[in-house]
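# Architecture at a glance
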Amino acid sequence: MLRSVLIGTGSALPRQAVSNAELAERVDTSDEWIVGRTGISNRYIAAPDETTASLATEAAWKAIEAAGIEAASIDLIVLATATPDQTFPATATIVQNNLGCRGGIAFDVAAVCSGFLYALGIADSMLRTGMARRALVIGSETFSRILDWDDRTTCVLFGDGAGAVVVEAREEDGEKPRGILATRLHADGAHNQLLYVDGGPSTTGTVGKLRMKGPEVFRHAVVNLAEVLKEVLEETGLSTSDIDWLVPHQANARILDATAKKLGLPTEKVVMTVGQHANTSAASVPLALDQAVRDGRIVQGDLVMLEAMGGGFTWGACLIRV
Ligand code: UT7
């Protein structure tokens, strides 16, 4: 039986960090409000020469280096983003070209903040069915380009960045096999007006700006995430006490706390980066994962739960033995 085993992680952030105090010079907000309501102190904002593709490429190179492989051996690139460099071609093909890979499969996935979970689920299916052998799965975003910088209810919440993982198909072995153990993904389009961008090539012909009814999204997030985490545990026959680390989508520290509490997981087992990165949409889970791998918290053999919820709504969870 084939399993998709995680063999390397990487991430990238824009050069410029922006503090809450700097934002407060631009919109009617305060460090106290932002930290108190969200846990966010800082975010990184891309300069004009930093794009979704360039950040994705930097994260990808780091993941490839960590995996100790040749870039040319990658035969599948799945890139999750809601902020592609161009309407087409897929940003994944730009990254493929930057890495010097040719001829494999490369495409983008649009599931907003759940995008990395969707991309990883798709890559896992393709690896286990033999369509590819070695995949690069990336979440990369430049949300600063679609923010309404006059809307204090949204512009303080998001940041830019990228995270990447290399995953390869391996024959399962041992009593506690490494690899992706289960993935559950969901969507409910009935809620797409609670979090959306008010533009697009087929409607306004413009890129548009992000719009969100934050408190309503918050309520759905806590309920949906608790349910999908339970589904994944039930599917694998494992329990909360087996989880070494929860790596959640980093939207709001209060959502992370509420989700951990509902799951009965101590907060020390939750990887939290929202304070420094803010909400980086599809990049947030792989960015947090890479940080916890590089600082030595997550080690080989750990049982790691990933989860995310975002526009659509879309949501999902994935359990990996790293
Ligand atoms: O990644 C995709 C998923 N997204 C999420 O999960 C986001 C989920 N939602 C949230 O994280 C929270 O709902 C927010 C952080 C967006 C908002 O926090 P909240 O505690 O739900 O606040 P609120 O929207 O109910 O606003 C409370 C007050 C309002 O003032 P009034 O009407 O009570 O006078 C807002 O106008 O805070 C005001 N407010 C602000 N004040 C200072 C809203 N934004 C700001 C701001 N600075 N930036």
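Residues numbered from 1 in each chain as written. Predicted model: local features only at pLDDT ≥ 70, side-chain atom pairs only at ≥ 80, totals over all residues. Heavy atoms only, no water.

### Quick word on the state of the cysteines
One pass over the structure, following the stated rule, counts zero disulfides. Here Cys155 is not disulfide-linked; the sulfur of Cys113 is the nearest cysteine sulfur, at 16 Å. Since its relative accessible area comes to 0%, Cys155 is described here as buried. (Disulfide = S-S within 2.5 Å. Buried < 20%, exposed > 50% of the residue type's maximum accessible area, 1.4 Å probe, protein only.)

### Some remarks on the nonpolar core
Core analysis: the largest hydrophobic core is formed by 45 residues, its most contacted members being Val156, Met305 and Leu319. At the level of elements, strand 8 (179-187), helix 7 (214-236), helix 8 (253-263), strand 12 (303-310) and strand 13 (314-321) are the ones that each hand at least two residues to this core. Examining the composition of this core, we find that eight residues originate from one element, helix 7, more than from any other. Both domains that furnish three or more residues to this core are identified here as domain 1 (2-171) and domain 2 (179-321). Apart from the residues within four sequence positions on either side, Val156 is in contact with Leu23, Val27, Thr29, Trp33, Ile34, Ile40 and Arg43. Val109, Tyr118, Ala123 and Val247 belong to the second-largest nonpolar core, a separate cluster that totals 36 residues. (Core = buried A, V, L, I, M, F, W, Y, C linked by side-chain atoms within 4.5 Å. Helix = DSSP H or I, 4+ residues; strand = E, 2+ residues; numbered from the N terminus. Domains from an automatic or database assignment. Contact = heavy atoms within 4.5 Å.)

### Digging into the site of the ligand
Taken together, 23 residues form the shell around the ligand, and within it Thr29, Arg37, Arg152, Asn252 and Asn279 come nearest. Within the side chain of Trp33, a nitrogen or oxygen atom sits 3.1 Å from an oxygen atom of the ligand. A distance of 2.7 Å separates an oxygen atom of the ligand from a polar atom in the side chain of Asn279. Taking 960 Å² as the accessible area of the ligand by itself, protein coverage stands at 73%. Looking at the shell around the ligand, the elements that each hand over two or more residues are helix 2 (31-38), helix 6 (152-155), helix 7 and helix 8. Tallying contributions element by element places helix 7 first for the shell around the ligand, with four residues. Taken together, domain 1 (2-171) and domain 2 (179-321) each give at least three residues to the shell around the ligand, which thus spans both. (Near = heavy atom within 4 Å. Polar contact = N/O pair within 3.5 Å; in protein donor to acceptor, adjacent residues only side chain to side chain. Areas by Shrake-Rupley, 256 points an atom, 1.4 Å probe, with all protein chains shown as cover.)

### A closer look at the environment of Leu263
Residue position: Leu263 is located in helix 8. Spatially, the C-alpha atoms of Leu263 and Asp108 are 32 Å apart, while their sequence positions differ by 155 residues. Ignoring sequence-local partners within four residues, the contact set of Leu263 consists of Leu229, Leu233, Thr240 and Ile243.

### Some points on the packing of aromatic side chains
Taken as a whole and assessed by the stated rule, the structure comprises one aromatic pair. When the ring centre of Trp245 is taken as origin, the NZ or CZ atom of Arg297, which lies over that ring, is 5.9 Å away. (Phe/Tyr/Trp six-rings, centres within 6.5 Å; stacked < 30°, edge-to-face > 60°. Lys NZ or Arg CZ within 6 Å of the ring centre and 35° of its normal.)

### Digging into the packing of helix 7 against helix 8
It is at 9 Å that the axes of helix 7 and helix 8 come closest, and there the two elements cross at 40°. Here helix 7 lies oblique to helix 8, going by the angle between them. Like other packed secondary-structure pairs, helix 7 and helix 8 cross with a definite hand, here right-handed. Contacts from Phe218, Ala221, Val222, Leu225, Ala226, Leu229 and Leu233 in helix 7 reach Arg254, Ile255, Ala258, Thr259, Lys262 and Leu263 in helix 8. (Axes fitted to C-alpha atoms, helices over the stretch in contact; angles between N-to-C directions. Parallel < 35°, antiparallel > 145°, perpendicular 65-115°, else oblique. Left-handed = near helix turned anticlockwise from the far one by under 90°.)

### Let's talk about the domain arrangement of the chain
Domain boundaries in the chain define domain 1 (2-171) and domain 2 (179-321). Contacts between domain 1 and domain 2 engage 53 residues on the former and 49 residues on the latter. A salt bridge links Asp148 to Arg211, with the shortest nitrogen-to-oxygen separation between them at 2.9 Å. At the junction of domain 1 and domain 2, the tally comes to 23 residue pairs in polar contact (both at pLDDT 80 or more). (Salt bridge = Lys/Arg side-chain N within 4 Å of Asp/Glu carboxyl O.)

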